[in-house]
Amino acid sequence: MALRKVKHSEFWSNSLSELEHKLQTSPKKGLTSQDAESRLLFYGKNSVKKHKKSHNLLSLWVSQFKSPIIIIFIFTSVLSFFLGQPEDALLIIVIVIVSGFLGFWQERGALYAIDKLQDLVQSKTTVIRDGSNVITPSEKIVPGDIIILKSGDNIPADSIVIESRDLFVNEATLTGESYPVEKISGVLHKDIPLKERSNSVFMGTFVVSGTAKVMVVKTGFHTELGRISNKLKHKNPETDFEHGVRKFGYFLMEITLILVISILIINVYFERPVLESFLFSLALAIGLAPQLLPAIISVNLAHGAKRMANEKVIVKRLAAIENLGSMNILCSDKTGTLTVGEVKLKSAIDVGGNEDNKVLLYSYLNSKFETGFTNPIDKAIRDFCTDKFDLKDYQKVDEIPYDFIRKRLTILVSITNNHSDIKLTCSHHPNRTTTFVMITKGALYNILDSCSKAEIYGKIVDISKVKQDILRRYEELGKQGFRVLGLCYKNIIDDNKMLEAPNIRIDKKDETQMTLLGFLVFFDPIKPDLLESISSLRKLGISVKIISGDNKYVVSSLGKQIGMPINTTASTDFDTVILTGPELHSMSPDALVTKVKYVDVFAEIEPNQKEQIILALRKSEGNVVGFIGDGINDASAIHAADVGISVDNAPDVTKEASDFVLLEKDLGVLADGVSEGRRTFANTMKYVFMATSANFGNMFSMAGASIFLSFLPLLPKQILLMNLLTDIPEMAISTDKVDKEIIEKPRRWNIKFIRKFMLVFGLLSAVFDFITFGILIFILNPSTTEQFRTTWFIESIISACLIVLIVRTSRPIFKSKPSKYLILSTLAMIIIVTILPFTAVGKIFGLSEIPIFYIGIVGLIVLTYLISAEGIKRIFYKLVDQEGF
């Protein structure tokens, strides 16, 4: 097939046959696999996101040199090349390129590793290919594909509805309308606005209920969502960690600019060569700037993501790992997270509280014939009733799917032959009994809203006469921890005409004047290891809050089982630590922000209220809030949370909104993930502490020495080489061990703490640098400038490598063992630096041989520096509050 770009700008105004012809597809057989592959190459991936960074090696390489300081440095080096210093200029450029390659190589490996992990939880779609239903990644959907949709599915592309059954779609991402809209096949006027295109479904929206078969017309950036994303260039909100990195960058920029400009002015004032002074100043700036911080962060996050994958936590958004470590509140749904998740039907009872076979049969018919989204309630009923009833005389006629507003599911069933408890005779066929029964189950209060009568002991009575008894029984069962649903029915019959199943349709308006039949009682025990998991989270400084749509009696019972102080007086003006949906509805946003601090359990919560609770918790005292959920109605709350968590078997829309996907729905797995997040954060901070101690001290002392020395203490190329060599062992920081006390509490960026750390340990480093200068000038008195520079070059690198072992922990150094890779890389670098001046490579960089006893003196200076740093560290952590770090 010769592919050509076909315009379908108003495809909703075309008939299905026209679109079928234009797209050269078949609603029954779909595309062939070969045709789909050709179209994928022709149209491109079905995504509105830019290609992953790891796939664009050129942009990743260029990004290593995007720092303005490095760009200026390269430009100046090229200038010096033409001004008679070609060897040094070329050497400087080579060092910059090697440093860039080091960062490129690390980031590339990290990003590829993350891509592989994220592929495990990518969004997939059921599509008809070669006449069969197959599941394929949504990115590989192409125009002409025929897609099968069901409740909970993300809609992967702009499509026309071929056929649908009670299809309701949430289009809030495009239209802002929070209520689902119904979709049916048909032809509309080309000028009809987006929110009224009832025959079309659009990328970025999702199915709330019902099923459909649709034909893909537009994909990727040609969709409505694609047009919007092109205009807005949407970017994920900045995480707490990213905000901290940005503030740290600004902090270092201020210090660097002040120091560099001052040194340049002073050197020019003393009539030193302008170009050399400028290069020296820029080299200091590069030495101060934590060049490898982006690479270190990427590597740490990638290592963290791989370790979390081993703990069955898949990372979808890399930067959120740090947020997971900072999380201090976790909000959780009840079913499947706190409970086993295998809901079981305990009993089907009538209004009087007795087990009733008719209640059980009607509940089975309702669950057996529903075609909405898979849910544990209907599965529990079907499992309980297997082999109990013969349904050959029952036929499904119509369905009103469950939605989160009505909280009901209705099935219209035709019943033939004789059934003594439900027999109704059709006037036109006296020899055959045919009954059409509307059966509805759902949340009890919503069921009661549809009922005017109740059936009790075989008699029909006005529901007002038994309502108080109904509510009392409902409360009693709830306090025992049982989840209770209501079941009602209505016979549909018309004596004036023949009723045939194909002609009967019902809608939501028919859910009135029904008869309450009884209750369905379910149980879902808490997980055996739940108390241990919650205890683990609490030890990590994370408080757990329950947000559930179940009634307050059931949720209160669960709260008591896991040790929450339900119905006790809080140490505030509030009387209780449980809040219900109706109470929340009457509260102002400001009052909710104040209230949520003291509430551990939220019951009878509407889907849209979950998001309100999450946002209120985030505003309250600057919490970092996580939310774990697995339902369609959890997507908005997951998106609103600092840490959005779903599970592998959750609907696509829920997984798409999340930052993490659990391969096991277990809080114990999540606790392990939190620990990994904190390890990742701690190891990133170790690099920051190194950069703000040894690096800052070395650059500060060089800047100071350049004022009173008649020559530059180090040449620009030597400063760059020193920066490169100290960076190499620091790459091993991502493998380092983390002290237990660091993992026990949420940690966040604290620039004030970093500033204090920099001043104390940076100045300590500078003091020993000046001591080294003094020994060199007044005691050793080297014969050449090269020997002076070589000795100080060796001292600076060895001290910078070894100080990492001190500042990596707040413990005494011998009580916190570093990783073997960090130790080995540090020792290797010390050996290399000691030998380097005696090699030909050393000569290229202006280094020269020095007497062996000089190295011994350097060793004593470094040892004294390390002992002093260890002593100061103990005093520092006693005096300075490190909670924020």
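Residues numbered from 1 in each chain as written. Predicted model: local features only at pLDDT ≥ 70, side-chain atom pairs only at ≥ 80, totals over all residues. Heavy atoms only, no water.

Quick look at the overall build of the protein chain
Here is step 1 of the chain: A tally of helices and strands in the protein chain yields 30 helices and 23 strands.
Here is step 2 of the chain: The 885 residues of the protein chain split such that 56% are buried.
Here is step 3 of the chain: Within the protein chain, residue pairs in contact and separated by at least 24 positions form 75% of the contacts whose partners lie at least 6 positions apart.
Here is step 4 of the chain: If you sum the accessible surface of the protein chain, you get close to 38700 Å²; carbon and sulfur atoms cover 57% of it. (Helix = DSSP H or I, 4+ residues; strand = E, 2+ residues; numbered from the N terminus. Buried < 20%, exposed > 50% of the residue type's maximum accessible area, 1.4 Å probe, protein only. Contact = heavy atoms within 4.5 Å. Areas by Shrake-Rupley, 256 points an atom, 1.4 Å probe, with all protein chains shown as cover.)

As for the packing of helix H23 (residues 667–708) against helix H27 (residues 785–807)
Here is step 1 of the chain: In the contact formed by H23 and H27, the axes pass within 9 Å of each other and the chain directions differ by 155 degrees. Here H23 lies roughly antiparallel to H27, going by the angle between them. By crossing handedness, the relation of H23 to H27 is classed as right-handed. Residue-level inspection shows Phe689, Met690, Ser693, Ala694, Asn698, Ser701 and Met702 of H23 in contact with H27, the latter providing Trp792, Ser796, Ala800, Ile803, Val804 and Val807. (Axes fitted to C-alpha atoms, helices over the stretch in contact; angles between N-to-C directions. Parallel < 35°, antiparallel > 145°, perpendicular 65-115°, else oblique. Left-handed = near helix turned anticlockwise from the far one by under 90°.)

Notes on helix H17 (residues 552–561)
Here is step 1 of the chain: Taken across its ten residues, H17 has seven buried, putting it largely inside the fold.
Here is step 2 of the chain: Those residues of H17 lying buried are Tyr553, Val554, Val555, Ser556, Ser557, Leu558 and Gly559.
Here is step 3 of the chain: Looking at the buried side of H17, the elements it contacts are helix H15 (467–479), strand E16 (483–492), strand E18 (543–547), strand E19 (578–580) and strand E20 (601–603).
Here is step 4 of the chain: Measuring from the side-chain oxygen of the N-cap residue of H17 to the backbone nitrogen of Tyr553 gives 2.9 Å; that N-cap residue is Asn551. (Polar contact = N/O pair within 3.5 Å; in protein donor to acceptor, adjacent residues only side chain to side chain.)

A word on the sheet that holds E20
Here is step 1 of the chain: Taken in spatial order, the eight strands line up as E8-E23-E22-E21-E9-E18-E20-E19 in an open sheet, and their pairing is mixed. Here the strands that pair on one side only, and so sit at the sheet edges, are strand E8 (313–315) and E19. The sheet shows a mean angle of 20 degrees between the axes of neighbouring strands, taken without regard to direction. (Pairing = 2+ DSSP bridges.)

Section: a positive patch on the surface
Here is step 1 of the chain: On the surface, Lys247, Lys752, Arg755 and Lys756 cluster together into a patch of positive charge.
Here is step 2 of the chain: A per-element tally of the positive patch places helix H26 (residues 751–780) first, with three residues.
Here is step 3 of the chain: By the element assignment, Arg755 lies in helix H26.
Here is step 4 of the chain: Accessibility expressed as a relative area gives 37% for Arg755, which makes it partly exposed. (Patch = residues over 30% accessible without salt bridge, like charges linked within 9 Å, V, L, I, M, F, W, Y side chains within 5 Å. Salt bridge = Lys/Arg side-chain N within 4 Å of Asp/Glu carboxyl O. Lys, Arg positive; Asp, Glu negative; His and termini not counted. Charge placed at Lys NZ, Arg CZ, Asp CG, Glu CD.)

Description of the nonpolar core
Here is step 1 of the chain: The biggest cluster of nonpolar side chains holds 75 residues, and the ones touching the most others in it are Ile754 and Phe793.
Here is step 2 of the chain: Those elements giving two or more residues to this core turn out to be helix H8 (240–269), H23, helix H24 (716–730), H26, H27, helix H28 (820–835) and helix H30 (852–879).
Here is step 3 of the chain: Tallying contributions element by element places H27 first for this core, with 14 residues.
Here is step 4 of the chain: If near-sequence neighbours (up to four positions away) are discounted, Phe793 is found in contact with Leu714, Gln718, Leu721, Met722, Leu725, Val833, Leu836 and Leu847.
Here is step 5 of the chain: Grouped together as the second largest cluster of nonpolar side chains are 44 residues, Ala305, Ile578, Ile628 and Val674 included. (Core = buried A, V, L, I, M, F, W, Y, C linked by side-chain atoms within 4.5 Å.)

Focus: the packing of aromatic side chains
Here is step 1 of the chain: Inspection of every chain in the model, using the stated rule, returns 22 aromatic pairs.
Here is step 2 of the chain: Aromatic pair Phe761 and Phe876: ring centres 5.6 Å apart, planes at 75 degrees, arrangement edge-to-face. Here Phe876 lies in helix H30 and Phe761 lies in helix H26, a separation of 115 residues in the sequence. A single burial state applies to Phe761 and to Phe876, both of which are buried.
Here is step 3 of the chain: One aromatic cluster is present, built from ring pairs that chain together Phe689, Phe753, Phe757, Phe761, Phe876 and Tyr877. (Phe/Tyr/Trp six-rings, centres within 6.5 Å; stacked < 30°, edge-to-face > 60°.)

Considering the confidence of the model for the protein chain
Here is step 1 of the chain: Averaged over every residue, the pLDDT of the protein chain is 81; the share at 70 or more is 82%.
Here is step 2 of the chain: Low confidence marks residues 420–432, where pLDDT is under 50. Its contacts with residues over four positions away, or in another chain, come to 25 contacts.
Here is step 3 of the chain: Predicted confidence is poor over residues 568–576, with pLDDT under 50, and the contacts of this stretch with residues over four places away or in other chains come to 13 contacts. (pLDDT = per-residue confidence, 0-100.)

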